[in-house]
Amino acid sequence: MKTTLKLLAAAAIAMCTVSCNDEPVRVACMGDSITYGHGIADRENDTYPGILKQKLGKKYEVRNFGVCGVTAMDGTDMPYINEQEYRNALEFNPHLVILMLGTNDTKPYNWKDRSKFKADMKAMIDTLRSLPAKPDIWLMLPTPVTSHAFFIDGSIIDSEIVPAVRELAQEESLPFVDLNTPFQGKEQYFMDTVHPTEQGDSIIADIVFNTVFRIKR
């Protein structure tokens, strides 16, 4: 609890410093197709980053750097770090990063190298920390998956990915947003058991807003 309060206090100081300089707070939403908004007709407004942008207002510049199919691990079929959107996120030089990966890592041809998951996530975190803006980084526990759609293994998300992200957050003294627990047994908010519907994205945006931005703005 004390660690969480310290992290929130540090985030508040950082946000205030940016705000006092009249510079918009740059927020990078990084991740896979869940962040991108696969299947969402109006991605500009109805994905969780789009809704978050509307909630936060003009003092914040929120951008969606999600890419469908990407993984946290290098050496897989589609590592996030090899994508142009990842490089775009680094060039954006965000003040705050919201990072959700791991769902596509559970595919059988990717998860064979499971021992690399935390190390490759940490390498990504280290790169983000080295940016000039020294961003606050929030990790996201990915939403549950109740089938093997797209070759994704929902049991691995719950039993291995979520604990690994929790451990990494503790080891790196990073806060996290739990999207796994609130959506357990809530299949109605997913269009194909993996990707949120517009209503699902609205709930995600509310959770992120109330968790990350509960400090005074």
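Residues numbered from 1 in each chain as written. Predicted model: local features only at pLDDT ≥ 70, side-chain atom pairs only at ≥ 80, totals over all residues. Heavy atoms only, no water.

1. Quick look at the side chain of lysine 107
No. 1: Relative to the elements of secondary structure, lysine 107 occurs in the loop between strand S3 (96-100) and helix H6 (108-111).
No. 2: For the buried lysine 107, no salt bridge exists, and the shortest N-O distance to an oppositely charged side chain is 4.6 Å, to aspartate 77.
No. 3: Not counting chain neighbours up to four residues away, the residues in contact with lysine 107 comprise Phe150, Phe151 and Ile152. (Helix = DSSP H or I, 4+ residues; strand = E, 2+ residues; numbered from the N terminus. Buried < 20%, exposed > 50% of the residue type's maximum accessible area, 1.4 Å probe, protein only. Lys, Arg positive; Asp, Glu negative; His and termini not counted. Salt bridge = Lys/Arg side-chain N within 4 Å of Asp/Glu carboxyl O. Contact = heavy atoms within 4.5 Å.)

2. Overview of the pattern of salt bridges
No. 1: A full pass over the atoms with the stated rule returns 12 salt bridges.
No. 2: The shortest N-O distance in the salt bridge between glutamate 23 and arginine 26 comes to 2.6 Å.
No. 3: Overall, the relative accessible area of 33% leaves glutamate 23 in the partly exposed class.
No. 4: As a salt-bridge pair, aspartate 126 and lysine 122 come within 2.9 Å of each other at their nearest N and O atoms. With aspartate 126 and lysine 122 both in helix H7 (residues 117-129) and four residues apart, this pair spans about one turn of that helix.
No. 5: The partly exposed category is assigned to lysine 122, whose relative accessible area is 32%.
No. 6: Three or more residues joined by partner-sharing salt bridges are found here, namely Lys118, Glu167 and Glu171.

3. As for the side chain of aspartate 201
No. 1: Its place among the elements puts aspartate 201 in helix H9 (residues 198-212).
No. 2: Of the side chains with opposite charge, arginine 43 lies nearest to the buried aspartate 201, which makes no salt bridge, at 8.8 Å.
No. 3: Beyond its immediate sequence surroundings of up to four residues, aspartate 201 is in contact with Ile34, Ile40, Asp46, Thr47, Tyr48, Ile51 and Pro196.

4. A short note on the packing of H7 against helix H8 (residues 154-171)
No. 1: H8 packs onto H7 with a crossing angle of 45° between their chain directions and a minimal axis gap of 10 Å. Classified by the angle their axes make, H7 and H8 are oblique. The two elements H7 and H8 meet at a crossing, and its hand is right-handed. Together, Phe117, Lys118, Met121, Lys122 and Ile125 of H7 and Ile161, Ala164, Val165, Glu167, Leu168 and Glu171 of H8 make up the contact between the two elements.
No. 2: Looking at the contact of H7 with H8 residue by residue, the classes come out as seven nonpolar, no polar and four charged. (Axes fitted to C-alpha atoms, helices over the stretch in contact; angles between N-to-C directions. Parallel < 35°, antiparallel > 145°, perpendicular 65-115°, else oblique. Left-handed = near helix turned anticlockwise from the far one by under 90°. Nonpolar A, V, L, I, M, F, W, Y, C, P; charged D, E, K, R; others polar.)

5. Overview of the pairing of strand S1 (residues 25-31)
No. 1: S1 sits mainly inside the fold: seven of its seven residues count as buried.
No. 2: Here S1 shows a buried face lined by Val25, Val27, Cys29 and Gly31 and a second buried face lined by Arg26, Ala28 and Met30.
No. 3: Where S1 meets strand S2 (residues 60-66), seven bridges bridge the pair, whose relative direction is parallel. Of the residues in S2, the one forming a bridge with valine 27 is valine 62.
No. 4: The pairing of S1 with S3 spans five bridges and is parallel. When the bridges of S3 are listed, alanine 28 appears paired with valine 97. (Pairing = 2+ DSSP bridges.)

6. Regarding the pairing of S3
No. 1: Of all the five residues making up S3, five are buried; the element is thus mostly covered by neighbouring parts of the structure.
No. 2: Of the two faces of S3, both are covered, the one formed by Leu96, Ile98 and Met100 as well as the one formed by Val97 and Leu99.
No. 3: Relative to strand S4 (residues 136-141), S3 runs parallel, the two sharing four bridges. What sits directly across from leucine 96, in S4, is aspartate 136.

7. Some thoughts on the environment of lysine 107
No. 1: Looking at lysine 107, the relative accessible area reads 9%, which means it is buried.
No. 2: Placed 30 residues apart in sequence, lysine 107 and aspartate 77 show a C-alpha to C-alpha distance of 9.6 Å.

8. Things to note about the sheet that holds S3
No. 1: Spatially, the five strands line up as an open sheet ordered S2-S1-S3-S4-S5, and their pairing is parallel. Both outer strands of the open sheet, S2 and strand S5 (176-178), are each paired with one neighbouring strand and no more. Taken pair by pair, the neighbouring strands of this sheet meet at an average axis angle of 20°, ignoring direction.
No. 2: Helix H4 (residues 48-56) rests against S1, S2, S3 and S4 of the sheet, and its axis sits at about 175° to S2.
No. 3: Contacts from helix H5 (residues 84-92) reach S1 and S2, with the element oriented near 160° to S2.

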